[in-house]
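Residue strings, one per chain:
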Amino acid sequence: MLTQSRATVENYDSSTDFFPDMTRKRTPLLKRLLIALTISSGALVATGSIALAAEGDFDAEGAITSLATATNLLWVIIGASLVIFMQAGFALVETGFCRAKHASHVVTTNFAIFGLGFIGFFFVGFPLAFGGFSYGAFGLNAPIGAPLLGSGEWIFLFKGGWALSGGGVTPALLGFFLYMVAFMDTVATIPTGSMAERWKWGSFVIWGFFCGAVYYPLFAAWTWGGGWLSQTWSSMNLGAGYVDFAGSGVVHAVGGVAAFAGAKVLGARIGKFDKDGNPRAIPGHHIPMAMLGTFILLFGWFGFNAASTFAATDVQFATVATNTAIAGAFGAIAGMFWITKRSGKPDPGMMANGMLAGLVAITAPCAFVAPWAAAVIGIIAAILVIESVFFVERKLKLDDPVGAISVHGVGGLFGTMCVGIFSNGSYGAGWNLSDSDGVKGIIKGDWGQLGAQALGVAVIVVVIGGVAYTFFKLQDIISKKMGKGGIRSSEEDELIGLDIPEMGVYAYPEFVKS
Amino acid sequence: MKLITAIVKPFKLDDVKDALKAVGVQGITVSEVRGFGRQGGHSETYRGAEYKIDFVPKVRLELVVEDSGVDAAIAAIKASAVTGKIGDGKIWVSTVERLVRIRTGEEGPDAI
């Protein structure tokens, strides 16, 4: 295995199957991770090589392997830090696009979700999603966890290692956990945008735990965790199975359908629609804050996408980072032109949504597509998202203050499909431990991959969306039965602004209007 | 003594202040206000949805002058605040019955 890792350093060839002795059920995530995970054994080699060097017999191979594995783990931790910093971006975007009277509330939901989701994921979510496979990497042969629900090619959930306990808790495993918890928190914070200005604090707290413990791990287990969707290449003969490099589907679309469900159950903010049901604009109170937040998200996205190689020795990370920037840049400018055409001015909010749409959409295909395709994906995503904002508001009559449903939901589903359209087969051989020689979309004449992606999209919309809707609806019904008035804040609180009734402090006490 | 109240476009404030000082006005009180006139605000779009700005931001100046200085002050404000476009604002004049300078207790024109 160490030799195989070294091969990555020498050849920069990530398409080699480094772990031929692994069972075919193992995931690509695990595979990529393993490169980084040999750190523990690599450290041993390093110690050994120092001793050997003293005896004049320097183990160059061991030293290089050790350095490579340490670098890979460092890359994962840098990536995790960048993704965690995206929470700051979300906080600024959502607060900026909301009104001043709710600013304390909105910014604090974005702050608190980090810990709420984290705790749910720490105790329950991580082992449910990754328990069956990730741990195996640390025993290196035998997984510590096992399927909790399902078997063979139809595994739904895993078990094992609750609360990061049990064997195999190495620095590499903890690094992997940190990276994954950051992705989970992105999902958890997406609905805070679409449900802003009217979501009761107590109801929001329950969502945070639920998302980290159950909601995110479901789809993550089916895909990145090695569950049934990742194995459709074998069970249904679809491409390389469901492929999602960094989570257009697994993270953004899953968060987006929750944003949709939450906004649907809550209803629109008071005053959003006039008596005839026509939408009215409710301008955000701090556009510079929202634009700064968008740029922080762009910055964090390089950790989100590029570090998803899980290995600095897999230099595809440079392609990924550049494709990410391309899609964001083209998305922002396409958004600028499209909204100018539609409404006469280059609306800053729509430009920000355009950039984020490009970033969300490139997240799944970023490692598999050429730069031209990244540009096309960014442009289409931005136009799609602006039209989606209009559709959500004018046709569905849903109130989404920041455009979370369109950016993450529509952009994420589109990005997931893009893997099956634009992938050029140059990367991803053996993905999902399939016999694929590179992920190929319909531009290479392969329709199977699009089928796998379409199945994933359908599952996100119907099953995961259904879970989210059921959760919010049940929570609302139970809360009403208990006499607590549902998950929506009272009309009076909403009108005076949630800052004082919910948080007890104004965001801007010096500027309160009498 | 007269109180002159003028509503002008915010970006014209510096010009108006300089013009008033040039004709000998010794004090101005300024407040940021919002309002609408005959035009009734204007429409904008946000995230593609139209909305109306009913109350347009303006600046209100208040200054007390002697009766003899009213015409010069009005002329100065008119000349410096005008753009010729809708929303340039208004000036009105009212009589001041009594004026007191708090520090010295002076009253009337001496207190201006």
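Residues numbered from 1 in each chain as written. Chains lettered and ligands numbered in written order. Predicted model: local features only at pLDDT ≥ 70, side-chain atom pairs only at ≥ 80, totals over all residues.

K.L.:
Help me understand the sheet that holds strand S5 (residues 56-65) of chain B in this model?
P.N.:
The strands making up a sheet associate through hydrogen bonds between their backbones, and the pairing can be parallel or antiparallel. All names here are of chain B. Within the open sheet, the 4 strands sit side by side as S2-S5-S1-S6. Their pairing is antiparallel. Of all strands in the sheet, those with a lone pairing partner are strand S2 (29-35) and strand S6 (90-95), marking the two edges. Across the sheet, the mean angle separating the axes of adjacent strands is 25 degrees when strand polarity is ignored. Of the strands in this sheet, strand S1 (2-8), S2 and S5 are in contact with helix H1 (residues 13-22), which crosses S5 at around 10 degrees. Running over the sheet, helix H2 (residues 70-81) touches S1, S5 and S6 and is turned about 5 degrees from S1. (Pairing = 2+ DSSP bridges. Helix = DSSP H or I, 4+ residues; strand = E, 2+ residues; numbered from the N terminus. Axes fitted to C-alpha atoms, helices over the stretch in contact; angles between N-to-C directions. Contact = placed C-beta atoms within 7 Å.)

K.L.:
What should I look at first to understand the interface of chain B and chain A in this one?
P.N.:
By convention, interface size is frequently given as the accessible area that disappears when the constituent parts associate. In this assembly, 7 residues from chain B lie in contact with 15 residues from chain A. Among the secondary structure elements, those contributing two or more residues to the side of chain B that touches chain A are strand S3 (42-46) and strand S4 (49-53) of chain B. Per-element accounting of the side of chain B that touches chain A gives the leading share, 3 residues, to S4(B). Here the side of chain B that touches chain A is composed, by residue class, of 3 nonpolar, 2 polar and 2 charged. (Nonpolar A, V, L, I, M, F, W, Y, C, P; charged D, E, K, R; others polar.)

K.L.:
How should the pairing of S3(B) be read in this particular structure?
P.N.:
One face of the sheet, then the other: side chains in a regular strand alternate in exactly this way. Relative to S4(B), S3(B) is paired through 5 bridges, and the arrangement is antiparallel. Directly across from B:Ser43, in S4(B), lies its bridge partner B:Lys52.

K.L.:
Can you walk me through unusual backbone geometry in this structure?
P.N.:
Both trends apply: most residues other than glycine have a negative phi, and most peptide bonds are in trans. Residues and elements named next belong to chain A. For phenylalanine 310, which is not glycine, the phi dihedral falls at a positive 60 degrees. For phenylalanine 310, the location among the structural elements is in the loop between helix H12 (287-306) and helix H13 (316-343). A count of 27 C-beta atoms within 10 Å places phenylalanine 310 in the buried class. In the Ramachandran plot, lysine 397 falls in the positive-phi region, its phi being about 60 degrees despite a non-glycine side chain. (Buried ≥ 20, exposed ≤ 12 C-beta atoms within 10 Å, placed from the backbone.)

K.L.:
Explain the confidence of the model for chain A here, please?
P.N.:
Reading predicted coordinates in detail is not appropriate for stretches of low pLDDT. For chain A, the mean per-residue pLDDT works out to 87, and 86% of the residues sit at or above 70. The low-confidence segment residues 135-142 of chain A (pLDDT under 50) makes 20 contacts with residues lying over four places distant or belonging to another chain. (pLDDT = per-residue confidence, 0-100.)

K.L.:
Is there a simple way to explain the packing of helix H4 (residues 60-96) of chain A against H12(A) in this structure?
P.N.:
A pair of packed helices is captured by two measures, namely the crossing angle of their axes and the spacing between those axes. Residues and elements named next belong to chain A. At a minimum axis distance of 7 Å, the contact between H4 and H12 shows a crossing angle of 160 degrees. Considered as vectors, H4 and H12 are oriented roughly antiparallel to each other. As H4 packs across H12, the resulting crossing turns out to be left-handed. Per-class residue counts for the contact of H4 with H12 are 19 nonpolar, 9 polar and no charged. (Parallel < 35°, antiparallel > 145°, perpendicular 65-115°, else oblique. Left-handed = near helix turned anticlockwise from the far one by under 90°.)

K.L.:
Please explain helix H5 (residues 103-130) of chain A as it appears in this structure.
P.N.:
The periodicity of an α-helix, 3.6 residues per turn, causes residues three or four positions apart to be oriented the same way. Taking the largest bend as the criterion, H5(A) deviates by roughly 60 degrees, centred on A:Phe121. For H5(A), the tally of buried residues reaches 21 of 28 residues, placing the bulk of the element in the interior. (Bend = angle between axes of the 7 residues up to and from the residue.)

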